[in-house]
Protein chains: 8
Amino acid sequence: MDEPQLRRLLEAVADGALDTAAALEQLRRWPITQVGGFAHIDTHRDLRTGFPEVVYCAGKTDDQIVAIVQAMLERQRCVLATRMSAATAARLSAEGLPGEYLATARCWVVPAAEPRSAGLVAVVCAGTSDLPVAEEAAVTASTMGSRVERIYDVGVAGLHRLLGYAEALQQAHAVVVVAGMEGALPSVVGGLVACPVIAVPTSVGYGAHFGGLAPLLAMLNSCASGVSVVNIDNGFGGGYCAHQINWQVAQAKGAA
Amino acid sequence: MDEPQLRRLLEAVADGALDTAAALEQLRRWPITQVGGFAHIDTHRDLRTGFPEVVYCAGKTDDQIVAIVQAMLERQRCVLATRMSAATAARLSAEGLPGEYLATARCWVVPAAEPRSAGLVAVVCAGTSDLPVAEEAAVTASTMGSRVERIYDVGVAGLHRLLGYAEALQQAHAVVVVAGMEGALPSVVGGLVACPVIAVPTSVGYGAHFGGLAPLLAMLNSCASGVSVVNIDNGFGGGYCAHQINWQVAQAKGAA
Amino acid sequence: MDEPQLRRLLEAVADGALDTAAALEQLRRWPITQVGGFAHIDTHRDLRTGFPEVVYCAGKTDDQIVAIVQAMLERQRCVLATRMSAATAARLSAEGLPGEYLATARCWVVPAAEPRSAGLVAVVCAGTSDLPVAEEAAVTASTMGSRVERIYDVGVAGLHRLLGYAEALQQAHAVVVVAGMEGALPSVVGGLVACPVIAVPTSVGYGAHFGGLAPLLAMLNSCASGVSVVNIDNGFGGGYCAHQINWQVAQAKGAA
Amino acid sequence: MDEPQLRRLLEAVADGALDTAAALEQLRRWPITQVGGFAHIDTHRDLRTGFPEVVYCAGKTDDQIVAIVQAMLERQRCVLATRMSAATAARLSAEGLPGEYLATARCWVVPAAEPRSAGLVAVVCAGTSDLPVAEEAAVTASTMGSRVERIYDVGVAGLHRLLGYAEALQQAHAVVVVAGMEGALPSVVGGLVACPVIAVPTSVGYGAHFGGLAPLLAMLNSCASGVSVVNIDNGFGGGYCAHQINWQVAQAKGAA
Amino acid sequence: MDEPQLRRLLEAVADGALDTAAALEQLRRWPITQVGGFAHIDTHRDLRTGFPEVVYCAGKTDDQIVAIVQAMLERQRCVLATRMSAATAARLSAEGLPGEYLATARCWVVPAAEPRSAGLVAVVCAGTSDLPVAEEAAVTASTMGSRVERIYDVGVAGLHRLLGYAEALQQAHAVVVVAGMEGALPSVVGGLVACPVIAVPTSVGYGAHFGGLAPLLAMLNSCASGVSVVNIDNGFGGGYCAHQINWQVAQAKGAA
Amino acid sequence: MDEPQLRRLLEAVADGALDTAAALEQLRRWPITQVGGFAHIDTHRDLRTGFPEVVYCAGKTDDQIVAIVQAMLERQRCVLATRMSAATAARLSAEGLPGEYLATARCWVVPAAEPRSAGLVAVVCAGTSDLPVAEEAAVTASTMGSRVERIYDVGVAGLHRLLGYAEALQQAHAVVVVAGMEGALPSVVGGLVACPVIAVPTSVGYGAHFGGLAPLLAMLNSCASGVSVVNIDNGFGGGYCAHQINWQVAQAKGAA
Amino acid sequence: MDEPQLRRLLEAVADGALDTAAALEQLRRWPITQVGGFAHIDTHRDLRTGFPEVVYCAGKTDDQIVAIVQAMLERQRCVLATRMSAATAARLSAEGLPGEYLATARCWVVPAAEPRSAGLVAVVCAGTSDLPVAEEAAVTASTMGSRVERIYDVGVAGLHRLLGYAEALQQAHAVVVVAGMEGALPSVVGGLVACPVIAVPTSVGYGAHFGGLAPLLAMLNSCASGVSVVNIDNGFGGGYCAHQINWQVAQAKGAA
Amino acid sequence: MDEPQLRRLLEAVADGALDTAAALEQLRRWPITQVGGFAHIDTHRDLRTGFPEVVYCAGKTDDQIVAIVQAMLERQRCVLATRMSAATAARLSAEGLPGEYLATARCWVVPAAEPRSAGLVAVVCAGTSDLPVAEEAAVTASTMGSRVERIYDVGVAGLHRLLGYAEALQQAHAVVVVAGMEGALPSVVGGLVACPVIAVPTSVGYGAHFGGLAPLLAMLNSCASGVSVVNIDNGFGGGYCAHQINWQVAQAKGAA
């Protein structure tokens, strides 16, 4: 709960417009929607952080996902559900819930009534096998309101593939770089641009790759400044961070 | 080398103002300053990424550091050298080099002639032992041109310490959160703000902390959206990313 | 074998009521029930530690589980079998064995004839995906004789969800905190209560989560005092420890 | 901040005894003491969790430790500082601060004016080399108000050493078991007692011990129920948890 | 090739009974049987190490296993094939190959025409889930010629189960101790007997067990002297080492 | 893009044969073939590194593989696709694409119209289970143009198996040594030959093998000089490096 | 306590020669000598396991070591103290304690009045840097009563060095093989001998050696049968196990 | 021992020129020089592998190094000793031994009487801090007989630094690439050249670098073909492999 809200509540108590028991109850329970004993939706999050709560589907039953999405549809301006299987998406369709399933990105999206699209986020990936993670990033950023440029399969073993896109990269306010294998791409991109690079390691590889550990460590040790990292295969996180950066700049420019 | 420069060079060749051998040589060697056989300063970096090359002192001899800083003083608008020991700083002073040594942050700073200071970066840390890393972040961001607010020793075992600073946090364009131990602080901060959080794990801890691995993993797995991570103890990286974000917003606002 | 029993046996030998060969045999074999060449049930455990032996079903064949449960039904006041698959539970039902299968908790429970229910244990979990582990903890503690309050899906990215339950938490004699992802919840709970917190990391997560390693390390490094940890996904262990604490206090209060 | 305090504050606002600006300020800053820009002492902790904040000295400068201990002496009923070097202790003595340095435990203790001593905690260790950790546990529990029984050098390669102390173990309300090497002792103790066992792995060992990882993993995988674990070498944590358990029971018995 | 054989060959060359080309060929190829381009059976091994080559079936196709077993049947006094699936065993039966499949141990055994059985090896395991590994050890040792005593499900949380078998343990020339979970059993057994203990960690466990790493590390760090360790789940290796020890002693006693 | 090409392009610009806009475009896009939005084939690679781009099939959909292979067939002198499943190979056949599927090696090969075969590469493996990796190496080297000698199942527990092949080993210009288990074979081979040894660890093993980590670490720590290592199970990489070495020598000899 | 002793005690109770209280006391305390509150010497161990307790000096203070050695001198037939620094040895000499310090092995030895020397143990090491560990093994085995043959610096990169010692190896009843680097030597030795091989990995190496992890894993995964492993740098453990094996055989032969 | 030598020996036996006892002795001991009981120099290695044995100084005493170097001076055409401290070098000089100490490379070199210098090896490093490892590689290759081109401080964050050296890289027969941090440089170099790349990870870095693990894993997972890897900081190994490759090509060219 942020400070202006707390101030209004205290003033209402001071005015006698609100008795202390009711104030207490509001302070304790207000910005939560409980769903079926197994979930507390944080309905305050959009105000507090700029975007509503997102459903991470892995480890949840179909019944739980249906109930949570239904509750969100009533309370949020848009819905994004990630790591959703095709089977679960079929179940949501069968239940008549609105929204579109994007198979490569494994996301269910119910766009806002007034979609935003401002400022540029670039999503770059090293190899064709990295596409599901890159698409999760791209779908997240565009659902949140960013314009997105996709630059795919431009790994470092053939540098000229990447260098041909330098112009596009330099127009972005944030770049998401998705790479498996040795994870070298963010260092090279980081040396080419002035905006922040969000590096997303993927689990694409084998052997001493250890499920993405190799590119994760490489990205954390990048010799290029301005590279920060999210979890292995976390395309959502990469897209989210890039949008946050882009959105602030786009808002500031818009106000200009 | 960015595209406008390449275009001008090609036009000079087309005009006969530049012969091909000379053009070839420029293309190969231009934006580098070689120092003593052991270093190539990337003197093109300021134009390309917005800030000159920074000296990471660990693993370099005092002689090498002196030579590199001297070369930079001639070619860069400011100098930042990180992970510098007090002994090396004494050597730089003895050599009569300009600049100031900030002991807690272990940084040597030669500020720009026209220092910038715009937009707010907040640097938050969990415990007193995290100060050296937090200060490295703060010094980096302020040397690069951001205003910095320091909020220290506000770990999660006493949440009210952090919650008292909510207003300051919400005015920042980017927040650097530095924490050792279990690294929980970025998740809590990430749930309170709308701007990006750059999490910096520290090696402060013992036993199953494994030199910072515990908070690093925690931060990579943060349940709060909008948290990205840099290497353990990498205060420089955290401050750099936060400044990049802040600077874009401040520039856009300034243009408004 | 505890001391009073040993004393009585020695006195019987001294009285000539027991010859030395028989005493020797009793000392060697008594408090064990051998089942089918593959198991030795420790039938002495209830007296020694306050609760009978529990069956951990993973890695055992259905035939072995049936035989062990049957043997326990004859010798123990109640039976708890954990990590039981639905298929095995179906087999037990088909064999006509008494008891109930709790699917989310994956437990088979044959309650004691005179069930106990005293003192409060709170079971808190961070996300909906942590429910199976949280339920294993809750079922264990309640089967053993504790009252249990469940507080689910109250992760740290929306702190107000947890803070609304402060009263319930402060009435418990022990709190089990179940969390995957970055495992930050026990630190926050540990800063709010005076009773011990038993932290249970879960394998809910992906990438640099390493099957629960991330929250395990976080919990072991908790900056809150009074937090101890059990194995990843070990809801049984968390519930057991919490009951042991609660039961001692409840007994002491009951004696008051 | 707990609920009764919040209720009184709200009532004061309702009564007009407190204006909203002052209430707001209290809500934001009250239970914190800031020290020298580098520390926020959580002076509310004793009320909230039953024991004041403890100083963990590792990674803090002597100046910081002196300032923090001085601030605590004015605000807390007792002071416990752990992981203090002999040199720092000499500095505290030279500053004329009250308190005693316990060298094996590496603790500085300023006992409460009215020391408590009730209920029994047993501290068991496997080998002579584990003494510093065992003593940290024992000093912590006794400073907090528990009676402590020390049972040292009773490792599992000679079981009869431990079995001779069965009576003492069975009188305790909680047992701290400290072990390095293979960390087998908590499993054996856990099979002998009905109260909770807090296992503390130590870094005593070499080679594939990996600084305490071997006993840590062993303890987390204990086949004995009722064993929970704290960080490697965390004698403080073990003693703290054991005291919390013991204290609740002792209080309940005292009230009987 | 051992020295007496080399001497005879050299003498034959000296005598002119063997020309140098033939000698060279014998030296290069003799004690090998090549099978189908994919295997070289070391037919010299029985003479050199006391037991013929054993087939490790994992990772081999059924066709390869059939061909190797057939080749061994012609050249070895007995055949032992480990880690064989039930499906492969059915294939061998269908091919009409002699031998018996022991399902729990996952071994195919063709006993020697003159089976040996001398000296005692004890195989001890901690839990019912460890049986497949324990049986692999027992079958290996008995196929090689040792008498084997099985002592199963005697883990350390109920010590009296193990202590009842002290007599049997003290008659063995070598003890194989198989344990998953925390792997404490070898330390306790090692403290009770004078003969060598071969510890076999198993992958039985979950969470921070890491597929057997926990008991492996525990066993390597055993505080009991005389404990050596083989790979996780390597019942074959444990049984082999124990037989080697037992056999030397039994041979020496037999010669008495 | 290499220097002669850049020189010709600059000369064309100087001659007016090429205007700057066209030159710019060539510099940016030329040596790339984009396929279906998901792949950029590096059609410049054969000129730059001596062999065309290879398709690594894992993680790509059948549709993507078909499209990439089709595009390569039009632009490359030969095609090698590794880690292809039998199902994908069947799909390629059904599409009427030329080429042969080598099942053990899991490779699809479209040989060059003028196949090369010069110089010797030896491929050695330790056990029958290592064959798929060894065959991937052998197929890679022979597709690239080396003669290949296969020496399989010659592990170190029966050294005479390997020593019989010393002559063949000494004729090779490079030796690929493939081994799982403890990975000792490259050290022994490295001590026998004067040419480079490329060691390929395999994931063949169990328990503390950790998916090939054991032989990987062993090979990196080889006491024999001249051993370098590629990723676990990377038969392709081993065969590629060996061919590169062999090819240079064979070319130099051919020129003699 | 073994069975014959328990039988005699029970008979004494039955005869009235011992009252139950005294018997109880004997059962609880007998075979232990307490030293200075910090150590319990297991004076029963020689009878139970064939060799008295050994002092592991690391982590003990000089005062503790002096007190323990003095107590052992009164109660044991010989004393072995391992991992003793030269400084501690000097202290023992200064205290006038009997015994000899072996510097390379870092052992203090007080031999038995009637030293034993029977049967052969071979101690083999791969490199000169492994000597301290190999000597610890050799000194342990010879102090316990084995004859020891040392074969040093015979690593696998020059196999003929080892093969020259085949005869000596084949006369041993047990071989200790000490190796750092890639740890391949035990596999080669294991393929040459019929007796058990005890492998001792050392921390000699760097980089991806990880303090001995590389040879430890290699040895656990040895393709040679009959290899068991002790902890990294645990020369004592290797020598102890080898002696136990040798001693049983030597005893049996002696009885012949 | 290679085959021609064995053939000559057998012929001498057949001719009666050598009796079998003498032949046996030659076969067992010949190509070894024993030094002081602690080392066996493999004096056969130069013939077998093309370069004499090299002294790795770490872990050896000064006395041992002096003795080994003296023995080598009598038997080898040149001497290379790596990882030598300045103190040891001073000792060698004081002993009057010939040779030069190269401080950055930490090598002692006694060059051959007829030094070789043919073919080009390029040694590339990413940063100034990697110099000691790069120099070890360069000194090794040049001592063995290669010409060496050093290209230092050309990391991937400023690609133009590297691209300026493309011509030199393309003239080499082998390239050693030394890099710490994220280890991306070998992938970029591997994409530019047709000869093999030997990648050497360094321990230069901090935090999640884990002593060189990060670049090691990156290099093993390189997306560029033709990259093989040696141990962390193993400049010697990198230089040795590169020389072996270069030497074969240079020899073949020389023969042309």
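Fair warning: this is a prediction, and the values are worked out from it, not measured in the lab. Sequence order sets the numbering: in each chain, residues are counted from 1 along the sequence as written. The naming scheme follows written order: chains are lettered A onward, ligands numbered 1 onward. Per-residue local features are limited, in this predicted model, to residues with pLDDT of at least 70; the limit for side-chain atom pairs, both in listing and counting, is 80 or more; totals at the level of whole chains, interfaces and linings are taken over all residues. Hydrogens and water are ignored here; the side-chain numbers use all heavy atoms of the structure.

Draft legend 1. Expanded view of the overall build of chain A. When its secondary structure is counted, chain A shows 11 helices and 11 strands. The C-alpha extent of chain A, read off along each of the three principal axes, is 70 × 45 × 35 Å. Note on exposure labels: buried denotes an accessible area under 20% of the residue type's maximum, exposed denotes more than 50%, and partly exposed covers the range between, all computed with a 1.4 Å probe on protein chains only. Relative to its 256 residues, chain A shows a buried fraction of 65%. Across chain A, contacts joining residues at least 24 apart in sequence account for 64% of those joining residues at least 6 apart. Counted as positive: Lys and Arg. Counted as negative: Asp and Glu, with His and the chain ends omitted from the count. The atom standing in for a charge is NZ when the residue is Lys, CZ when it is Arg, CG when it is Asp and CD when it is Glu. With 17 positive and 23 negative side-chain charges, chain A shows a separation of 2 Å between the mean positions of the two kinds. Secondary structure elements follow DSSP: runs of H or I no shorter than four residues count as helices, runs of E no shorter than two count as strands, and numbering proceeds from the N terminus. Two residues form a contact once any of their heavy atoms are found within 4.5 Å.

Draft legend 2. Here's a closer look at the relation of the copies chain A and chain B. For the least-squares superposition of copies, only C-alpha atoms count, and only for residues with pLDDT at least 70 in both. For the pair chain A and chain B, the best superposition has an RMSD of 0.1 Å and corresponds to a rotation of 180° with a translation of 0.0 Å parallel to the axis. In the structure described here, the two chain copies are related by an operation that fits a two-fold rotation axis. Taken together, the interface assignments show that 100% of the residues at the interface of chain A recur at the interface of chain B, consistent with an identical surface on both copies.

Draft legend 3. The arrangement of the domain arrangement of chain A in detail. All names here are of chain A. The source of the domain bounds is an automatic or database domain assignment. Each assigned domain of chain A is listed here: domain 1 (37–114) and domain 2 (120–255). Its C-alpha centre places domain 1 at a distance of 25 Å from the equivalent point of domain 2. A simple way to read buried area is as the amount of 1.4 Å-probe accessible surface that goes missing from two parts once joined, with both sides added. Between domain 1 and domain 2 lies a buried interface of about 1,100 Å² when both sides are counted; carbon and sulfur atoms form 68% of it. On the domain 1 side of the interface with domain 2, the three residues burying the most area are Phe-51, Arg-83 and Thr-104, jointly 39% of the side's total. Each salt bridge in this description consists of a side-chain nitrogen of Lys or Arg and a carboxyl oxygen of Asp or Glu lying within 4 Å of one another. Our count for the domain 1 to domain 2 interface comes out at one salt bridge. The definition of a polar contact used here is a pair of N or O atoms within 3.5 Å, where within protein one atom must be able to donate a hydrogen and the other to accept one, and adjacent residues in sequence count solely through side-chain atom pairs. For the pair domain 1 and domain 2, the interface holds two residue pairs in polar contact (both at pLDDT 80 or more). At the level of secondary structure, the elements contributing two or more residues to the side of domain 1 that touches domain 2 comprise strand S4 (79–82) and strand S6 (107–110).

Draft legend 4. How the structure looks around the interface of chain A and chain B. Between chain A and chain B, the residue contacts involve 36 residues of the former and 37 residues of the latter. Summing both partners gives a buried area of about 3,000 Å² for chain A against chain B, and 55% of it is carried by carbon and sulfur. On inspection of chain A and its partner chain B, the count reaches zero salt bridges. Our enumeration of links across chain A and chain B arrives at eight residue pairs in polar contact (both at pLDDT 80 or more). Counting residues per element, the ones that place at least two in the side of chain A that touches chain B are helix H3 (45–49), helix H8 (166–171), helix H10 (213–220), strand S11 (227–229) and helix H11 (235–255) of chain A. If one sorts the elements of the side of chain A that touches chain B by residue count, H11 of chain A sits on top with 10 residues. Throughout, the ten residues Ala, Val, Leu, Ile, Met, Phe, Trp, Tyr, Cys and Pro are labelled nonpolar, Asp, Glu, Lys and Arg are labelled charged, and all others, Gly among them, are labelled polar. Tallied by class, the residues present in the side of chain A that touches chain B amount to 18 nonpolar, 13 polar and five charged.

Draft legend 5. Geometry of the interface of chain H and chain F. The interface is formed by 37 residues belonging to chain H together with 36 residues belonging to chain F. Inspection of the chain H/chain F interface yields zero salt bridges. By residue number, the principal contributor to the side of chain H that touches chain F is helix H11 (residues 235–254) of chain H, which donates nine residues. For the side of chain H that touches chain F, a count of residues per class yields 19 nonpolar, 13 polar and five charged.

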